[in-house]
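Here is how the chains run, residue by residue.
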Amino acid sequence: MKSGILLVNKPSGISSHDVVFRTRKALQVKEVGHTGTLDPLASGLMVLCIGFATKLADNLIKKEKTYVVQARLFASSDSYDTETLVKDLEKLDVSKQRILEVLESFKGEIDQMPPQYSALKVNGQKACDVARKGGRVNLQSRKITISQLDLLSFDGECFECRVSCSSGTYIRSLVHDIAVALGTDAVMTDLIRTQVSQYDLEKACEIADISWDHVYGPDFLKQEFASVDLDETQINKIKFGQKIRSPKDFQEGDIVLLFCSGSLCCVAEYRSETKALQPKKINSKMFS
């Protein structure tokens, strides 16, 4: 069975689940996993794992992501974007220098409170479902990292920024927090994800063009992860879940992709003490 990575340009107005559903239908494959959702109002890059490559989704979810966000100051909404009713607030005089200073203060590791309108589950319920019914859930703040936060434009009311951040960052909350630091509030009006790790939106296909021709295979995976091409003796050990001595030195705990005759057959973890590759997930369909 084929496996690999598919880059899709999600349009606004549909959910990430819709993208996964359409991909399954277009490729006629059940194993499709995303590496981070986008809200229906957002657009841009979704990195999908196809076939056995779905075993890599959890690792790719943790990668840094880059966005271009647009927001309007002196406005507020319960969802921090235009999904819910937007209320206009009193306008203040905010200079470009002031917003640059505030943006600078958000760089690095910070605490962030997720929005009530999020898919986080508390006691088995999504926070957004509770919020839509008029309730609130007790969410906990989390540590996130903002590595890039550049002002692209500002007209005294609306601003646009490029943000590179760690997994789990809510850009809507970031917009809200920036506005609060300026003494007001803001709503996010547009969001485009432009990059996930090394994967760029420019290489993504459109929804209507999804096909196996756009699925990147082994060579693409080897750009993101450490890899080893196995010989026959190593293959015989791996298919029974046995560890093998690594032909290369990696860092402790590194995820290493093992390839059999050019196909991904195993996801392994490097153990530095024994210099061994321990199988974590084996593509049993290749050995059946």
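Located above this text is the structure these notes cover.
Sequence order as written defines the numbering, with residues in each chain counted from 1. Only residues with pLDDT of at least 70 get local features here, since the model is predicted, and only at 80 or more are side-chain atom pairs given and counted; chain-wide, interface and lining totals rely on the full set of residues. Think of the side-chain values as coming from all heavy atoms in the structure, minus any hydrogens and water.

(A) Molecular detail of the overall build of the protein chain. Elements are defined by DSSP. Helices are runs of H or I of four residues or more, strands are runs of E of two residues or more, and each kind is numbered from the N terminus. Of regular secondary structure, the protein chain possesses 7 helices and 20 strands. If one aligns the C-alpha atoms of the protein chain with their principal axes, the spans along those axes are about 70 × 40 × 40 Å. Residue exposure (1.4 Å probe, protein chains only): buried if accessible area is under 20% of the type maximum, exposed if over 50%, otherwise partly exposed. Going through the 288 residues of the protein chain one by one, you find that 47% of them count as buried. Excluding contacts between residues fewer than 6 apart, the proportion of contacts in the protein chain whose partners are at least 24 apart in sequence is 66%. We get accessible surface area from the Shrake-Rupley algorithm with a probe of 1.4 Å; when it comes to residues, only the shown protein chains can shield them. Taken as a whole, the protein chain presents about 14,600 Å² of accessible surface, with 45% of it coming from carbon and sulfur. When charges are counted, neither His nor the chain ends are considered; positive counts come from Lys and Arg and negative counts from Asp and Glu. Where a charge sits is defined by one atom per residue type, namely NZ (Lys), CZ (Arg), CG (Asp) or CD (Glu). Looking at the protein chain, you have 38 positive and 38 negative side-chain charges, and the mean spots of the two groups are 8 Å apart. Here a residue-residue contact requires only that any non-hydrogen atoms of the pair lie within 4.5 Å.

(B) Geometry of the state of the cysteines. Throughout, a disulfide means two cysteine sulfur atoms within 2.5 Å of one another. Considering all chains together, one arrives at 1 disulfide under this definition. Each sulfur in the disulfide pair Cys260 and Cys265 lies 2.3 Å from the other. Across the S-S bond linking Cys260 and Cys265, the dihedral sits near 65 degrees, which makes this disulfide right-handed. Looking at the unpaired Cys158, the closest cysteine sulfur is the one in Cys161, lying at 12 Å. Taking the relative accessible area as the measure of exposure, Cys158 reaches 33% and is therefore partly exposed. No disulfide involves Cys266; its nearest neighbouring cysteine sulfur is the one of Cys265, lying 6.0 Å away.

(C) Structural view of the environment of Val196. Within the element layout of this structure, Val196 appears in strand S12 (residues 186-196). Sequence separation between Val196 and Ala42 is 154 residues, and the spatial gap between their C-alpha atoms is 15 Å. Not counting residues within four places of it along the chain, the set of residues in contact with Val196 comprises Leu45, Val47, Leu60, Glu64 and Lys65.

(D) Molecular detail of the pairing of strand S11 (residues 158-165). Strand pairing requires that DSSP identify at least two bridges connecting the strands. Across 8 bridges, the pairing between strand S4 (residues 65-73) and S11 is antiparallel. Across the sheet, the residue bridging to Thr66 is Ser164, located in S11. Relative to S11, strand S10 (residues 142-154) runs antiparallel, the two sharing 7 bridges. Bridge assignment links Ser153 to a residue of S11, and that residue is Glu160.

(E) View of the pattern of salt bridges. Salt bridge, as used here, is a side-chain nitrogen of Lys or Arg placed within 4 Å of a carboxyl oxygen of Asp or Glu. Throughout the structure, instances matching the rule amount to 13 salt bridges. Here Arg172 and Asp39 are joined by a salt bridge, their closest N and O atoms 3.2 Å apart. Pair noted here: Arg172 is in helix H5 (residues 171-181) and Asp39 is in the loop between strand S2 (32-34) and strand S3 (43-50), with a separation of 133 residues, a long-range link. One salt bridge in this structure joins Lys280 and Glu269, with 3.4 Å as the shortest N-O distance. Separated by 11 residues along the polypeptide, Lys280 in strand S20 (residues 276-282) and Glu269 in strand S19 (residues 263-271) bring together distant segments of the chain. When salt bridges that share partners are traced, they join Arg72, Asp88, Lys91 and Glu157 into one network.

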